[in-house]
Amino acid sequence: MIRAARHSVRLIRVAFTLARHDALFPLELLGDLPWPVRILKAVAKLRPATTAEQIERPGARLARALQDLGPTFIKLGQGMATRPDFVGIEVAQDLANLQDKLPPFPGTEARAIIATEFGKPVEDLFVAFDDHAIAAASIAQVHFAVLKNGTKVAVKVLRPGVEQAFARDLESFRWAAGLLERARPDMKRLRPTDVIDTFAQSVALEMDLRYEAAAASELKENLADDPQFSVPAVIWPVTARRILTLERVEGIALNDHAALVAANLDLPATAQVIVQSFLKQALFDGFFHADLHQGNLFAAPDGRIIAVDFGIMGRLDPETRRVFAEILYGFLRRDYNAVAAAHFRAGYVPPGQSQALFAQALRAIGEPITDSPVKEISLGGLLAQLLKTTETFAMQTQPQLLLLQKTMVMVEGVASKLDPDVNMWELSRPVIERWMRENLGPQARIKDGVTRIASLIERAPAFIDDLEHIVADARRSGLRLRLDSDGAPRGYGQLIWPLLAGLVGGGVALAIYALVS
């Protein structure tokens, strides 16, 4: 009872802030609003809206309210931006633009946190440390510094008390998600409790900056052979749970359009690099930067694009990558049956549903954009429409695809600001077709078959041992197995090895074919 009262008070405060911004509509998912919330909504309507608020979209009002509510809610809003199936496409797009900015905390506090983490004063680690933060967000802020060896670095320092604030808010979120599932059983399909748990896990990783350092390091390795897109190196000796130190990025932020123009940067080419690099990360590596907004991207003097801030990353398993590629490739070719088949093979659509009807629904998404100017077709918007079909066909939400879709919308936004005539289909097609060719083409299928045969051969001795143990156990229990006409049991290796010889021969033949074709 006390726990419920505590969470109710917190949520009433949240509702009050939402009411001030006329952004209570997310709470209406609960059905009939609790009476305190209905009162707040009525009171909020007594305040005349400003002209700006009258023309503002609901998602923009919600974004401002979440900004006022603080760090946890800013992160929650960013998470909601990945759930167009839950909040609607328009609201998700507005939340994707939610600015994660807060006033900086004093440099003296940053110094104290660094000293506590490393057990020594800042002066023992850096020859210079700027107390003025160059960027401040909900979880951490960044200071410029110089190492003893003269290397210029950027030092990210976790906000004081942020862990406790998040833990308190997340406890209330879980309580509210459970309440939603009990009040609206039909909402269980969207798994609100699981969403909060995933959100909590993501936040926990973000608040241990060693994980962000590991993400930056992995992405840098993946991009080692890419001359156009890179990330700064991690300075591991000056990185800890609450401190992340990276090489300082020298370049122009992509949100400084005037400086980009003054530097004579090829903006359409820059847009191409960002779009294609994102798709390569997602499809070929299965690990992608999921917060590619303009403030996190810099144009370096040597022409490279450099990304920073690795707190939000996406990871796709091989099966999800295959489905993602087949979906986009199918839409590119207007092959809706292929797109439907990809969904059913992956188990995204329950087997009791009609594949033909699902293909028809996909056609309803794809055909209206067929005759549109190509530059007006959004891949992110297309995926968002696809995700909207989940309720009709009882599909379970796929969080990994939602994050991918949200990032694609963000990447499209960056590309369109750099080049208003950007053609997303044209930029995406080479990457998608290359992935399809290398992973689903004839040679790829042969290579996969050879790998499977090699794996079977490698496991054969263990399989024979297991078979002999089974037969021995059967004999001890009085069961006699007759495997030939005269009743004499034969060696099981004699049965298996001819089969393996055939497989090896077939594998060699396939390998030779793959090499010469």
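Rules of the game
Residues numbered from 1 in each chain as written. Predicted model: local features only at pLDDT ≥ 70, side-chain atom pairs only at ≥ 80, totals over all residues. Heavy atoms only, no water. Axes fitted to C-alpha atoms, helices over the stretch in contact; angles between N-to-C directions. Helix = DSSP H or I, 4+ residues; strand = E, 2+ residues; numbered from the N terminus. Parallel < 35°, antiparallel > 145°, perpendicular 65-115°, else oblique. Left-handed = near helix turned anticlockwise from the far one by under 90°. Contact = heavy atoms within 4.5 Å. Nonpolar A, V, L, I, M, F, W, Y, C, P; charged D, E, K, R; others polar. Pairing = 2+ DSSP bridges. Buried < 20%, exposed > 50% of the residue type's maximum accessible area, 1.4 Å probe, protein only. Polar contact = N/O pair within 3.5 Å; in protein donor to acceptor, adjacent residues only side chain to side chain. Phe/Tyr/Trp six-rings, centres within 6.5 Å; stacked < 30°, edge-to-face > 60°. Lys NZ or Arg CZ within 6 Å of the ring centre and 35° of its normal.

Some points on the packing of helix α14 (residues 318-332) against helix α15 (residues 336-346)
Put simply, α14 and α15 touch, their axes get as near as 8 Å, and they point 165 degrees apart. Between α14 and α15, the angle is such that the two are roughly antiparallel. Relative to α15, α14 is oriented so that their crossing is left-handed. Within the contact between the two elements, α14 uses Glu 319, Arg 322, Val 323, Glu 326, Ile 327, Gly 330 and Phe 331 and α15 uses Tyr 336, Val 339, Ala 342, His 343, Arg 345 and Ala 346. For the contact of α14 with α15, the residue count by class is 7 nonpolar, 2 polar and 4 charged.

Observations regarding the sheet that holds strand β5 (residues 229-230)
Taking strand neighbours across the sheet as the criterion, the 4 strands line up as β5-β10-β9-β7 in an open arrangement whose pairing is mixed. Of all strands in the sheet, those bounded by a partner on one side alone are β5 and β7 (252-253). In the sheet, strand β9 (residues 297-299) pairs with strand β10 (residues 305-307) via 3 bridges, with the strands oriented antiparallel. Across the sheet, Leu 297 pairs through a bridge with Ala 307, a residue of β10.

Describing the pairing of strand β6 (residues 243-247)
Most of β6 is tucked away, with 4 of its 5 residues classed as buried. Here strand β4 (residues 152-158) runs beside β6; their pairing, made up of 5 bridges, is antiparallel. Residue pairing in the sheet places Lys 156 in a bridge with Leu 244 of β6.

Examining unusual backbone geometry
Even without being glycine, Asn 264 reaches a positive phi, approximately 60 degrees. Mapped onto the elements of the fold, Asn 264 is located in the loop between α12 (257-262) and α13 (267-285). For Asn 264, a relative accessible area of 69% translates into the label exposed. If you check the backbone angles, Asp 309 has positive phi at about 65 degrees while not being a glycine. We classify Asp 309 as partly exposed; its relative accessible area is 26%.

Concerning the environment of Asn 296
One can find Asn 296 in the loop between β8 (287-289) and β9. Judged by its relative accessible area of 6%, Asn 296 falls in the buried class. On a C-alpha basis, the gap between Asn 296 and Phe 310 in space is 9.3 Å, while along the polypeptide they are 14 residues apart. With residues up to four places along the chain from it excluded, the contact list for Asn 296 reads His 289, Asp 291, Ile 306, Ala 307, Val 308 and Asp 309. Within polar-contact distance, the side chain of Asn 296 engages the backbone oxygen of Asp 291 at 2.9 Å.

Points about the packing of α13 against helix α19 (residues 424-440)
Between α13 and α19, the shortest axis-to-axis distance is 9 Å and the interhelical angle comes to 30 degrees. As the angle between them shows, α13 and α19 are arranged roughly parallel. Pair α13 / α19 crosses with right-handed handedness. Where α13 approaches α19, its residues Ala 271, Gln 272, Val 275, Gln 276, Leu 279, Lys 280, Leu 283 and Phe 284 are matched on the opposing element by Met 424, Leu 427, Ser 428, Pro 430, Val 431, Ile 432, Arg 434, Trp 435 and Glu 438. For the contact of α13 with α19, a count of residues per class yields 11 nonpolar, 3 polar and 3 charged.

A word on α15
Among the residues of α15, those classed as buried are Tyr 336, Val 339, Ala 340, Ala 341, Ala 342, His 343 and Phe 344. On its buried face, α15 sits against α14, α16 (355-366) and α17 (379-388). Positive backbone phi, at 80 degrees, marks Gly 347, one or two positions downstream of α15.

Observations regarding the packing of aromatic side chains
One pass over the structure, following the stated rule, counts 5 aromatic pairs. For Arg 248, the ring lying beneath its charged end belongs to Phe 144, and the centroid distance is 4.2 Å. Against the face of Phe 284 rests Arg 434, its NZ or CZ located 4.3 Å from the ring centre.

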